Amino acid sequence: MAALAALTLWAQAPAIEGLAQTPELKAIDGVLVSGAYKDQLLMFVLDTGTTTSFIDIRVAKAAGGKLSDVLNVGVIGPGVRQAGVLSRALQIQFPFAGGSIDHDFLRVEDYARASALVGRDIHGILGADFFRRFVVEIDYLGERVLLHPRSFRAPAHAVLVPMRFAIDRTPVVEMRMHLPAGKVVKVRAIVDTGNSGSAITTEEFARRHRLPELLGGVAMPLGEGLGGKFSGHRARVPVLELGEFRLPESIVSLPDRNSGVLSSSRQFDLNVGASVLKRFSVFFDYGRARMALVPNERINDPFDGTMSGLQLATLGSPHDRVMVEGVIPDSPAAQAGFEPGDEIIEVNGERLAPLALVDLFKRLRQPEGTEIKLTARRRNMRGVLTLTLRRMVEP
């Protein structure tokens, strides 16, 4: 959840049936859709965890945009994030098979760091104001995003899950979390397509239910939001329930204090992202306040989590240099001898291609026990380190 913001009324949605686009899904488990401003190709994160749409400050300035105000926004991570407000909306066109749509952006942020973590330029976020214009279908397995008119109804065999909306307009559903000793607790879960990783509890929910003591798990860095890096424990719960679906041995992240909205929010207990959603085709119907789920062939896949222990980012643009920013203790990467500051230049003897981090993410998503030989440059030396993939949170 980026906890962000813009304002195009959903009542203005064009009545076009089934606008489709093939997003980028495999590499990061986020959903990236393409747009354009004049002749410039732009990439946007499709993000239900964001209150409104944002565009990168550099795109806005290049288009002649001027700021009229600056706001503080709540984000994941310990830092405070500021967003700018444009004096005039910037309109971006999104091409889809069957037509194209325009969307207005009034809020701006700096997405340079987000781009480095994804390994390609990110130019903005499509948030709640975009979702309210359509019934949005995300087919994770088929790698398609379809925009249906608001009159559209999900297939009859889909499982309907009621949604309500938090104060910041993010969708919240009720889930159930099974804990050891047969205890079951209700969970208010934000459905966040912008969360490309595991489900994340709030610090208050984890403390109230004593999850670190009950679940154990592994202490590690949990990730990086727009407010910076945050840490905690990663563990497994016996079962997560979403609608009629039971997801056994689900991985959840339990953040420490000082994790931004994960520490301060009382509007939700859990942030659910791609590790759960990629098992379905998901229909977001904001007008009827519901989500519809059609399971795909991944429904029974195990929850693996990170199996390398490498924390990676690219250096500069065009994102063709992949750097090791951190190594999780006792992880396969630590055992292989990686250190922060290493630059990865080859995988199994092959030079990393453009969009190198995207390619490397794919290589690191292989079965447990797979050996990957990574050539790394460290200062003036280079060598080959063998990484053996292993689940860091055991079932």
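Everything discussed here concerns the structure shown above.
(A) A look at the overall build of the protein. Tallying secondary structure elements over the protein gives nine helices and 27 strands in all. Per-residue burial for the protein yields a buried fraction of 55% across its 395 residues.

(B) Seen up close, the nonpolar core. Counting residues in each nonpolar core, the largest one holds 66 residues, and the members touching the most others are Met177 and Met291. Not counting residues up to four positions away in its chain, the partners in contact with Met177 are Lys183, Val184, Val185, Val187, Thr201, Phe205, Leu211, Val237, Val239, Leu240 and Leu270. In this structure, Leu310, Val322, Ile344 and Leu385 belong to the second largest nonpolar core, which totals 22 residues.

(C) How the structure looks around the packing of aromatic side chains. Scanning the model with the defined rule gives 10 aromatic pairs in all. Centroid distance Phe130 to Phe131: 6.5 Å. Interplanar angle 85°. Geometry classified as edge-to-face. For Phe130, a relative accessible area of 2% corresponds to the buried category. Here the aromatic rings of Phe130 and Phe134 are separated by 5.4 Å at their centres, their planes lie at 55°, and the arrangement is tilted. Phe134 matches Phe130 in its accessibility class, with the two residues each being buried. Within the aromatic cluster, the residues linked to one another by ring pairs are Phe44, Phe94, Phe105, Phe130, Phe131, Phe134, Phe165, Phe284 and Tyr286.

(D) Expanded view of the pairing of strand β13 (residues 171–178). Along β13, six of the eight residues are buried, which leaves the element largely enclosed by surrounding structure. Two elements, strand β12 (residues 164–165) and β13, share two bridges in a ladder whose sense is antiparallel. Bridging from a neighbouring strand, Phe165 pairs with Pro171 of β13. Counting the residues in the hairpin turn of β12 and β13 gives five residues, including Arg169, whose phi is positive at 75°. Here seven bridges tie β13 to strand β14 (residues 184–191), and the two strands are oriented antiparallel to one another. When the sheet's bridge partners are listed, Met175 is paired in β14 with Val187. The turn linking β13 back onto β14 is made up of five residues, and Ala181 within it adopts a positive phi angle of 70°. With four bridges joining them, β13 and strand β17 (residues 228–242) adopt antiparallel strand pairing. By the bridge assignment, Met175 is partnered in β17 with Leu242.

(E) Up close: the pattern of salt bridges. Applying the stated criterion across every chain yields a total of 21 salt bridges. For the salt bridge of Arg58 with Asp56, the shortest nitrogen-to-oxygen distance reads 2.9 Å. For Asp56, a relative accessible area of 3% puts it in the buried group. A salt bridge links Glu346 to Arg382, with the nearest nitrogen and oxygen atoms 3.6 Å apart. In this pair, Glu346 is assigned in strand β24 (residues 343–347) and Arg382 in strand β27 (residues 381–388), connecting sequence segments 36 residues apart. With relative accessibility at 17%, the residue Glu346 sits in the buried group.

(F) Spotlight on the environment of Leu211. Summarising the element assignment, Leu211 is placed in helix α5 (residues 211–215). Considering only alpha carbons, one finds Leu211 and Leu179, 32 residues apart in sequence, at a separation of 8.5 Å. The residues touching Leu211, leaving out its near neighbours within four places in the chain, are Met177, Leu179, Thr201, Phe205, Ala206, Gly216 and Leu254.

(G) Expanded view of the side chain of Asp139. Assignment of secondary structure puts Asp139 in strand β9 (residues 135–139). Accessibility expressed as a relative area gives 11% for Asp139, which makes it buried. Polar side-chain contacts of Asp139 include one of 2.9 Å to the backbone nitrogen of Gly142.

(H) Local environment of the pairing of strand β6 (residues 81–96). Sheet topology note: the strand β5 (residues 67–73)/β6 ladder contains six bridges and is antiparallel. Its bridge partner being in β6, Val70 is matched across the sheet by Gly84. Looking at chain direction, β6 and strand β7 (residues 99–109) are connected through nine bridges and run antiparallel. Bridging across to β7, Val85 finds its partner in Arg107. Hairpin connection of β6 to β7: two residues between the antiparallel strands, including Gly98 at a positive phi of 100°.

(I) Quick peek at unusual backbone geometry. Even without being a glycine, Glu143 presents a positive backbone phi close to 55°. As for its position among the elements, Glu143 is in the loop between β9 and β10 (144–148). Looking at Glu143, the relative accessible area reads 18%, which means it is buried. Of note, the phi angle at His319 is positive, near 65°, even though the residue is not glycine. For His319, the location among the structural elements is in the loop between β22 (310–314) and β23 (322–327).

Definitions and cut-offs
Residues numbered from 1 in each chain as written. Predicted model: local features only at pLDDT ≥ 70, side-chain atom pairs only at ≥ 80, totals over all residues. Heavy atoms only, no water. Helix = DSSP H or I, 4+ residues; strand = E, 2+ residues; numbered from the N terminus. Buried < 20%, exposed > 50% of the residue type's maximum accessible area, 1.4 Å probe, protein only. Core = buried A, V, L, I, M, F, W, Y, C linked by side-chain atoms within 4.5 Å. Contact = heavy atoms within 4.5 Å. Phe/Tyr/Trp six-rings, centres within 6.5 Å; stacked < 30°, edge-to-face > 60°. Pairing = 2+ DSSP bridges. Salt bridge = Lys/Arg side-chain N within 4 Å of Asp/Glu carboxyl O. Polar contact = N/O pair within 3.5 Å; in protein donor to acceptor, adjacent residues only side chain to side chain.

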